[in-house]
Amino acid sequence: MIYPIAGLILGLVVGFYLPISVPVVYAPYVSISILAALDSVLGGIRAMEEGNFDTLIFVSGFFINTLMAGFLAYFGDRLGIQLYLAAIFAFGVRIFQNLAIIRRNMIQKLVSKRSEKEEENSIS
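Here is what the cut-offs are and how they apply
Residues numbered from 1 in each chain as written. Predicted model: local features only at pLDDT ≥ 70, side-chain atom pairs only at ≥ 80, totals over all residues. Heavy atoms only, no water. Helix = DSSP H or I, 4+ residues; strand = E, 2+ residues; numbered from the N terminus. Rg over C-alpha atoms; globule rule 2.2 N^0.38 Å. Buried < 20%, exposed > 50% of the residue type's maximum accessible area, 1.4 Å probe, protein only. Contact = heavy atoms within 4.5 Å. Lys, Arg positive; Asp, Glu negative; His and termini not counted. Charge placed at Lys NZ, Arg CZ, Asp CG, Glu CD. Expected span 1.5 Å × (residues − 1). Core = buried A, V, L, I, M, F, W, Y, C linked by side-chain atoms within 4.5 Å. Axes fitted to C-alpha atoms, helices over the stretch in contact; angles between N-to-C directions. Parallel < 35°, antiparallel > 145°, perpendicular 65-115°, else oblique. Left-handed = near helix turned anticlockwise from the far one by under 90°. Nonpolar A, V, L, I, M, F, W, Y, C, P; charged D, E, K, R; others polar. Patch = residues over 30% accessible without salt bridge, like charges linked within 9 Å, V, L, I, M, F, W, Y side chains within 5 Å. Areas by Shrake-Rupley, 256 points an atom, 1.4 Å probe, with all protein chains shown as cover. Salt bridge = Lys/Arg side-chain N within 4 Å of Asp/Glu carboxyl O.

Enquirer: Mind showing me how you'd approach the overall build of the chain here?
Expert: Helix and strand counts for the chain stand at four helices and zero strands. Listed by position from the N terminus, the elements making up the chain come as α-α-α-α. Rg of the C-alpha trace for the chain: 19 Å, well past the compact-globule value of 14 Å for 124 residues, more than 25% over. When the 124 residues of the chain are sorted by exposure, 23% land in the buried category. Taking all contacts inside the chain whose residues are at least 6 apart in sequence as the whole, residues at least 24 apart take part in 79%. Side-chain charges of the chain comprise 9 positive and 9 negative groups, with the mean position of each set lying 6 Å from the other.

Enquirer: Honestly, helix 4 (residues 84-123) in this entry has me stumped. Any pointers?
Expert: Because an α-helix completes one turn every 3.6 residues, residues spaced three or four positions apart along the sequence face the same direction. Relative to the 58 Å expected for 40 residues at 1.5 Å per residue, helix 4 spans 58 Å between its end C-alpha atoms, a close match to the ideal helical length. Turning to helix 4, its buried residues number three or more, namely A87, F91, G92, I95, N98, A100, I101, I102 and N105.

Enquirer: How should the nonpolar core be read in this particular structure?
Expert: The biggest cluster of nonpolar side chains holds seven residues, and these are Y29, I32, A36, A69, A73, A87 and F91. Going through the elements one at a time, helix 2 (27-50), helix 3 (55-79) and helix 4 are the ones with two or more residues in this core. Among the elements that take part in this core, helix 2 stands out by supplying three residues, more than any other. In this structure, A73 is in contact with Y29, I32 and Y84, ignoring residues within four places of it in sequence.

Enquirer: What is the right way to look at the packing of helix 2 against helix 3 in this model?
Expert: Each pair of packed helices can be described by the angle between their axes along with the distance between the axes. Across the interface, helix 2 lies against helix 3 with an axial gap of 8 Å and an inter-helix angle of 155 degrees. Judged by the inter-axis angle, helix 2 sits roughly antiparallel to helix 3. You can see that helix 2 and helix 3 cross each other, and the crossing is right-handed. Of the residues in helix 3, those touching helix 2 at Y29, I32, S33, A36, A37, S40, V41 and G44 are F58, G61, F62, N65, T66, A69, G70, A73, Y74, D77 and R78. Grouping the amino acids of the contact of helix 2 with helix 3 by side-chain chemistry returns ten nonpolar, seven polar and two charged.

Enquirer: Could you clarify how one ought to interpret a nonpolar patch on the surface in this entry?
Expert: On the surface, a cluster of nonpolar side chains totalling about 860 Å² of accessible area is made up of L10, V14, L18, I20, V22, V25, Y26, V30 and I34. Mapped by element, the contributors of at least two residues to the nonpolar patch are helix 1 (2-17) and helix 2. Mapping Y26 onto the fold places it in the loop between helix 1 and helix 2. For Y26, a relative accessible area of 47% corresponds to the partly exposed category.

Written as structure tokens, this is what we have:
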């Protein structure tokens, strides 16, 4: 679980300190792609917590979701339809679901560790 979190923190630090600017024209495509990438990262953390993480699935999903989200935003823009709004909604829902499941798993682990310590203390 430490690798995805470390990668996320490293990416945030690099992103804040490198002078990279995105032209305004590409901002909607880049933003939806970043949202898709965040969804994939949180899905990977969730899979690690649940014990069914697969690197190949994570990497392929990361790149395919990111590219597809950017493509849908571009394609919708060319058609005059705001398809990126649907992608924002879908990824937003998935991000919050993954966060809720990760939070729930972490709380369950903390509670079980605490109850194990209390049982050890009561036995001693």
